[in-house]
Amino acid sequence: MENQNLDHRVYHPLDSVEDVEQFYSAISRDKLTQKLSPERPYCYWTIETYDKSNGIRGGGGLGVLAADMRRVAEQLQVPFVLVTPFYPWESHQRMQNMEQIDYHEERDYHDFGFNYVDNVRIKTSTTSVELSVIEKQMGSSRFLCITEPNFGELYSGESGSDHRLYQEVALGFGGYQALKLVGLRPAVIQLNEVATFFAAIARLDELVSSGMNVYEAIVYTRKHTLYTNHTLVQAAEATFHYSQFERYVFPNIKSTSVKRWLSDKFTDGIIRLSTPTVEIAELRSGVSKLHARVANYHDINGGKIKFKSVTNGIHMRTWVLPEIMEYYHNHDILDKFDLPTVRDFEGAVEKITAADIRHLKNLGRKRLNEILAHRTDQYGNPISIPEDAFLFDFKRRFVDYKRPTLPFNDPDRLADILERNNAHYILAGRVHMGDSTMFGKLMNTLKLIDSHPILRQRVHYLPDYDEELGLGLSLGANSSINTPIVGLEACGTSWMKDVANMGLLISTHDGGVADMPSDNYLTIEGKTEEQETDNLYHQMEVACKAWSNDFDLEYWVHKELIAYLDICSGSRMMRDYLNYLF
Ligand SMILES: *Cc1c(COP(=O)(O)O)cnc(C)c1O
């Protein structure tokens with residue numbers, strides 16, 4: 001069984017039905033409760049979910065977001081179904097001679113409290129595949145998963161491959177049948193990225209097959225489908241061939257007119273799923289203000305697609321130290337929905353003292369050290385960060401645009417900052433399978449650290465980055481470093497975990513961070529990477545100094561919380577989605 005370190009979280013269920021009504025009435029004059037019901041829930045489709053305590057490991061932010069949506073729905077008693085695959089295999093990493101080694105573990109849904117419901121079938125041109133439908137009810141929310149022994153693991157196979165298409169078809173058509181099987185009708189369908197597109201087609205096909213005119217059915221499906229985009233560039237998206245659709249997709253569509261509609265979305269025998277997705281979803285959102293503005297998508301006639309921005313949020317009770325949540329609630333900073341209080345939120349934040357911050361962060365450091373005790377660094381040893389040491393962290397997927405190696409551009413300067421300030425630096429992340437560029441960059445960075453007497457003592461790399469490390473570092477680090485190339489991060493949520501836990505954020509002005517002006521955190525600016533690196537080192541010094549000076553510490557923590565606590569709140573995100581949907 002997994003070590004369930006997220007289970008220390010405390011749930012304060014809402015007190016009464018009136019509370020939920022109050023939340024709903026805050027978002028809509030119409031009674032939302034009439035539009036959403038246990039039989040007609042909010043249906044959220046996602047190829048990736050990141051919820052280890054329920055046996056499903058994701059790859060990154062997309063999956064964490066999906067898991068947090070469900071948790072927020074459960075907390076706020078929103079009728080909600082998360083339709084997602086249960087992957088029988090998941091990938092892990094360990095280090096060997098400073099190389100990342102991938103290995104795989106099997107997962108059995110019985111170990112995670114899922115119930116088997118029945119089987120559904122999807123077809124290919126030559127055969128049919130039985131999928132098991134399994135479910136797990138959690139308050140007003142539930143997991144509804146499809147799975148079968150050969151489903152593979154998340155993102156197995158190349159993008160655009162037959163296996164990926166099979167997974168996406170299984171999730172869309174199989175997931176829709178699963179919904180029918182358990183007696184549910186979707187009030188709305190949210191498509192978390194285009195890999196879930198076939199859910200909308202399954203619905204369209206059902207409406208047409210039950211007698212609705214195809215144009216009416218399209219209008220109806222469009223009105224009740226929300227496409228959430230996390231990617232910036234349409235051209236980067238995978239393409240599929242018509243022949244792949246003939247083998248995997250068309251056999252699952254009953255209506256000839258729906259097949260024809262979909263065939264018309266091909267250009268020169270090739271399709272990107274975003275093309276039919278924007279046709280079948282009238283509601284479209286991006287995941288931060290900046291992202292919604294710059295996402296460059298066009299419809300089939302070349303018209304630019306407009307995205308509404310609903311900035312991602314986090315489920316606060318999962319990602320924030322329970323003592324800090326208690327503090328926010330007791331000091332009128334957050335209300336019982338975990339939204340900033342309406343009455344004098346800023347005034348309440350400004351009363352947070354440096355002594356409170358230090359005390360709470362010390363508790364966070366203890367939690368981090370408990371987690372680090374059963375993890376290992378690049379040498380295979382557990383580590384512990386002394387209570388009196390300052391801790392920086394960089395924790396995210398190792399992809400090039402996030403620039404995990406930026407702080408190592410000038411190793412001696414980094415070493416000097418760490419040594420003078422009695423600081424440590426934890427680097428946590430995983431390289432995606434097959435990403436040889438990052439694989440090499442990670443290995444070179446680890447060799448550099450190994451060859452440097454100071455960095456060797458003070459920089460720790462933790463492999464197999466997962467939620468537990470993500471949580472632990474947000475609780476226990478004093479300052480986190482977020483360095484995406486400006487314009488390439490859609491939103492990011494790691495930085496929200498850091499801000500909500502009263503850490504000092506050092507970041508480029510990108511993704512959701514750019515929802516607010518850059519004077520609200522320790523910003524990295526610069527026209528060249530050299531200037532940005534210089535600026536990063538400068539802000540690391542500022543962070544260390546702030547920690548030993550009450551006035552500066554309060555100044556920065558107050559600024560960050562006033563600017564970003566509302567954005568961080570997953571309840572705010574749910575409110576924004578419900579507002580947009582209804
Ligand atoms: C929070 C979290 C993420 C989100 O990462 P971003 O880079 O901020 O989008 C990814 N992976 C894990 C394990 C997380 O806990």
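Keep in mind it's a predicted model, so treat the numbers as computed, not measured. (Residues numbered from 1 in each chain as written. Predicted model: local features only at pLDDT ≥ 70, side-chain atom pairs only at ≥ 80, totals over all residues. Heavy atoms only, no water.)

Some details on the overall build of the chain
Filter applied, for reference: Each helix corresponds to a stretch of at least 4 residues labelled H or I by DSSP, and each strand to a stretch of at least 2 residues labelled E; elements are numbered beginning at the N terminus. We compute the radius of gyration from the C-alpha atoms alone; for a globule the expected value is 2.2 Å times N to the 0.38, where N is the number of residues. Per-residue accessibility, obtained with a 1.4 Å probe over protein chains only, is compared with the maximum for each type, and a residue is labelled buried under 20%, exposed over 50%, and partly exposed between these values. Residue contacts follow a heavy-atom distance rule, with two residues in contact if any of their heavy atoms lie within 4.5 Å. Shrake-Rupley sampling with a 1.4 Å probe provides the accessible areas, and residues are treated as covered by the protein chains on show and by no other component. As used throughout, the charge tally considers Lys and Arg to be positive and Asp and Glu to be negative, leaving His and the chain termini uncounted. A charge is said to be at NZ when it belongs to Lys, at CZ for Arg, at CG for Asp and at CD for Glu.
Scanning the chain for helices and strands turns up 22 helices and 19 strands. Against the globule reference of 25 Å for 582 residues, the chain gives a C-alpha radius of gyration of 24 Å, in line with a compact fold. Projected onto its principal axes, the C-alpha coordinates of the chain cover approximately 75 × 55 × 45 Å. Within the chain, buried positions represent 61% of all 582 residues. Here the contacts in the chain between residues at least 6 apart in sequence split such that 74% fall between residues at least 24 apart. When the accessible area of the chain is evaluated, it comes to approximately 22,000 Å², of which 48% is carbon and sulfur surface. The centroid of the 61 positive side-chain charges in the chain is displaced by 5 Å from the centroid of its 80 negative side-chain charges.

A closer look at the sheet that holds strand β15 (residues 423–428)
Rule in force here: Two strands qualify as a pair provided DSSP detects at least 2 bridges between them. Note on geometry: axes are lines fitted to C-alpha atoms, helical ones only across the stretch in contact, with angles between N-to-C directions running from 0 to 180 degrees.
The six strands lie next to each other as β16-β15-β14-β17-β18-β19, forming an open sheet whose pairing is parallel. On the outer flanks of this sheet lie β16 (459–462) and β19 (522–524), each paired with one strand and no other. When the angles between neighbouring strand axes are averaged without regard to direction, this sheet yields 20°. Relative to β16, β15 is paired through four bridges, and the arrangement is parallel. Counted as the bridge partner of Leu427 is Tyr461 from β16.

Some points on the pattern of salt bridges
So the rule is basically this: We count a salt bridge whenever a side-chain nitrogen from Lys or Arg sits within 4 Å of a carboxyl oxygen from Asp or Glu.
For the structure shown, the criterion picks out 32 salt bridges. Here Arg71 and Asp51 are joined by a salt bridge, their closest N and O atoms 3.5 Å apart. Of the two residues, Arg71 sits in helix α3 (residues 61–76) while Asp51 sits in the loop between β1 (42–46) and α3, which places them 20 residues apart along the sequence. Residue classification places Arg71 among the buried residues on the basis of a relative accessible area of 0%. A salt bridge links Lys223 to Glu282; the nearest nitrogen and oxygen atoms lie 3.7 Å apart. You can see Lys223 sitting in helix α6 (residues 214–223) and its partner Glu282 sitting in the loop between α9 (274–280) and β12 (283–286), a full 59 residues away along the chain.

Section: the side chain of His558
Cut-off, in case you're wondering: Here a polar contact is recorded for every N or O atom pair within 3.5 Å, except that within protein the pair must consist of a potential hydrogen donor and a potential acceptor, and residues adjacent in sequence are included only if both atoms are side-chain atoms.
Tracing the chain through its elements places His558 in helix α21 (residues 550–568). Judged by its relative accessible area of 9%, His558 falls in the buried class. Within the local environment of His558, its side chain forms a polar contact with the backbone oxygen of Val349, the two atoms lying 3.3 Å apart. In this structure His558 touches Val349, Glu350 and Ile352, once residues within four positions along its chain are discounted.

Overview of helix α12 (residues 322–330)
The set of residues buried in α12 consists of Pro322, Ile324, Met325, Tyr327 and Tyr328. For α12, the elements touching its buried residues are α11 (316–319), α14 (354–372), α19 (494–500) and α21. Residue Asp332 follows α12 closely and has a positive phi angle near 55°.

Side note on the packing of aromatic side chains
Put simply, the test is: Pairs were defined over the aromatic rings of Phe, Tyr and Trp, the Trp ring being its six-membered one, requiring ring centres within 6.5 Å. Orientation was assigned from the angle between planes: stacked under 30 degrees, edge-to-face over 60, tilted for the rest. Either the NZ atom of lysine or the CZ atom of arginine qualifies as a charge over a ring when it sits within 6 Å of the ring centre and within 35 degrees of the ring normal.
All chains considered together, the criterion is met by 26 aromatic pairs. Grouping aromatic residues by their ring pairs yields a cluster made of Phe173, Phe197, Phe198, Phe240, Tyr242, Phe245, Phe250 and Phe266. Seen from the ring of Trp261, Lys265 lies directly overhead, with NZ or CZ sitting 4.2 Å from the centre. Between the NZ or CZ atom of Arg456 and the centre of the ring of Tyr379, over which it lies, the distance is 4.9 Å.

Things to note about empty space enclosed by the protein
What counts, and what does not: Note on definitions: the grid is 1 Å and covers protein atoms alone; a cavity is a set of points where a 1.4 Å probe fits but cannot get out; a pocket is an open set with protein on both sides within 12 Å along at least five of seven lines; lining residues have an atom within 4 Å of a point. Grid points are joined across faces, edges and corners, and a volume is the space filled by probe spheres set on the points. Side-chain classes are defined by residue name, with Ala, Val, Leu, Ile, Met, Phe, Trp, Tyr, Cys and Pro counting as nonpolar, Asp, Glu, Lys and Arg as charged, and the others, Gly among them, as polar.
All told, the structure shown has two cavities of 30 Å³ or more when counted by the stated rule. In this structure, the second largest cavity spans a volume of roughly 30 Å³. Elements represented by at least two residues in the lining of the second largest cavity include exactly α18 (467–476) and β17 (479–482). In terms of residue class, the lining of the second largest cavity is built from three nonpolar, five polar and two charged.

Regarding the domain arrangement of the chain
Counted only if it meets this: Boundary definitions for the domains trace back to an automatic or database domain assignment. A quick way to say it: buried area is the sum, across both parts, of accessible area lost when two parts are put together, with a 1.4 Å probe.
Considered domain by domain, the chain is made up of domain 1 (29–86 + 114–310) and domain 2 (320–569). Computed over C-alpha atoms only, the centres of domain 1 and domain 2 are separated by 34 Å. Taken together, the 19 residues of domain 1 in the interface contact 21 residues of domain 2. Buried area between domain 1 and domain 2, both sides added, is near 1,500 Å², and the carbon and sulfur share of it is 48%. For domain 1, the biggest contributors to the area lost against domain 2 are Arg57, Leu232 and Leu290; these three give 28% of the whole. For the pair domain 1 and domain 2, the number of links is three salt bridges. A salt bridge links Asp466 to Lys52, with the nearest nitrogen and oxygen atoms 2.8 Å apart. On inspection of domain 1 and its partner domain 2, the count reaches eight residue pairs in polar contact (both at pLDDT 80 or more). Top contributing element to the side of domain 1 that touches domain 2 by residue count: α3, with four residues. Residues of the side of domain 1 that touches domain 2, tallied by class, amount to six nonpolar, seven polar and six charged.

Observations regarding the site of the ligand
The condition is simple: Throughout, near means a residue has at least one heavy atom within 4 Å of the molecule or strand.
The immediate surroundings of the ligand are formed by 14 residues, with Lys402, Asp466, Thr493, Ser494 and Lys497 found nearest. One nitrogen or oxygen atom from the main chain of Thr493 is found 2.9 Å from an oxygen atom belonging to the ligand. Within the side chain of Lys497, an N or O atom sits 2.7 Å from an oxygen atom of the ligand. The class makeup of the residues in the shell around the ligand is four nonpolar, five polar and five charged.

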